[in-house]
Amino acid sequence: MPPGAVAGGIAVVIDVLRASTTIVTALEAGAAAVVPVADGEAARRRAAALGGAGGLGGAAALGGERGGRPIDGLDLGNPPAEYTPGRVAGRIVVITTTNGTAALEACRGAREVLVGAIVTRRAVAAAARRLAADVQLGCAGTDG
């Protein structure tokens, strides 16, 4: 999605295979929030700014992948099954992925951003209809 394409509008970001489902799973598991960032270093900086550097019991949990592989030093990878209540409940999850978080980054100027996944399809469609008639779909894909 070109920069500015969704400025002031409604964006639905879809990364069905991992990022979207992982974000939704973290929230369902009780995460206080999910913050997408560009890369592992940005994740570490954001977690530190949130009052914790991740790790068991920290204020933030860091997760993500590059090319489908876990990033050294982060608490979690990208499989949704890793985002359990015991790991993320009450914590802010800072996540970075190869494609999904880049798609979310491209939508920063949107008035609203919805995270689309197979598991949220009905809720996202209903929210998009309720929010506006002009909705942009942004699909994350391999290597941008």
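Our structure's up above, just so we're on the same page.
This one's a predicted model, so the numbers in the text were calculated from it and none came from an experiment.

Novice: Explain the sheet that holds strand S4 (residues 69-70) to me, using residue names and the numbers behind them.
Specialist: Strand order in this open sheet of four strands is S2-S5-S3-S4, and the pairing throughout is mixed. Of all the strands in the sheet, just strand S2 (33-36) and S4 have a single pairing partner and so form its edges. In terms of strand pairing, strand S3 (residues 60-66) meets S4 through two bridges, oriented antiparallel. Counterpart to Glu-65 in the pairing with S4 is Pro-70. Contacting S2 and strand S5 (92-96), helix H1 (residues 19-28) runs over the sheet at an angle of about 155° to S2.

Novice: Explain the nonpolar core to me, and be specific about the residues and the numbers.
Specialist: Proteins that are soluble and globular tend to have nonpolar side chains buried together. Ranked by internal contacts, the top residues of the largest apolar core, which has 18 residues, are Ala-26, Val-34, Tyr-83, Val-88, Val-93 and Ile-95. Listed by contribution, the elements that provide at least two residues to this core are strand S1 (10-14), H1, S5 and helix H4 (100-105). Apart from the residues lying within four places of it in its own chain, the contact partners of Val-88 are Ala-26, Ala-29, Gly-30, Ala-31, Ala-61, Leu-76, Tyr-83 and Val-93. Within the second largest apolar cluster, 10 residues are counted, among which are Val-35, Val-37, Ala-42 and Ala-47.

Novice: Kindly report on the pattern of salt bridges, identifying the contributing residues and their values.
Specialist: One pass over the structure, following the stated rule, counts two salt bridges. A salt bridge links Glu-41 to Arg-44; the nearest nitrogen and oxygen atoms lie 3.2 Å apart. On the criterion of helical spacing, the pair formed by Glu-41 and Arg-44 is a turn pair, its members being three residues apart in helix H2 (residues 40-49). The partly exposed category is assigned to Glu-41, whose relative accessible area is 47%. Its salt-bridge partner being Arg-108, residue Glu-105 comes within 3.0 Å of it at the nearest N-O pair.

Thresholds, definitions, all that
- Counting restarts for each chain, with residues numbered from 1 along the sequence as it is written.
- At least 70 in pLDDT is required for a residue's local features to be given in this predicted model, at least 80 for side-chain atom pairs to be given and counted, and no such filter applies to totals for whole chains, interfaces and linings, which use all residues.
- Think of the side-chain values as coming from all heavy atoms in the structure, minus any hydrogens and water.
- For two strands to be treated as a pair, DSSP must find at least two bridges joining them.
- Segments assigned H or I by DSSP are reported as helices when at least four residues long, segments assigned E as strands when at least two residues long, and all are numbered from the N terminus.
- Any pair of residues with heavy atoms lying within 4.5 Å of one another is described as a contacting pair.
- Every axis corresponds to a line fitted to the C-alpha atoms, with the helix fit spanning only the stretch in contact, and the corresponding angles, defined between N-to-C directions, vary from 0 to 180 degrees.
- Joining through side-chain atoms within 4.5 Å is the link that ties buried Ala, Val, Leu, Ile, Met, Phe, Trp, Tyr and Cys residues into a set, and such a set is a nonpolar core.
- Note on classification: 1.4 Å probe, protein chains only; a residue is buried when its accessible area is under 20% of the maximum for its type, exposed when over 50%, partly exposed between these limits.
- Definition used for salt bridges: Asp or Glu carboxyl oxygen within 4 Å of a side-chain nitrogen of Lys or Arg.

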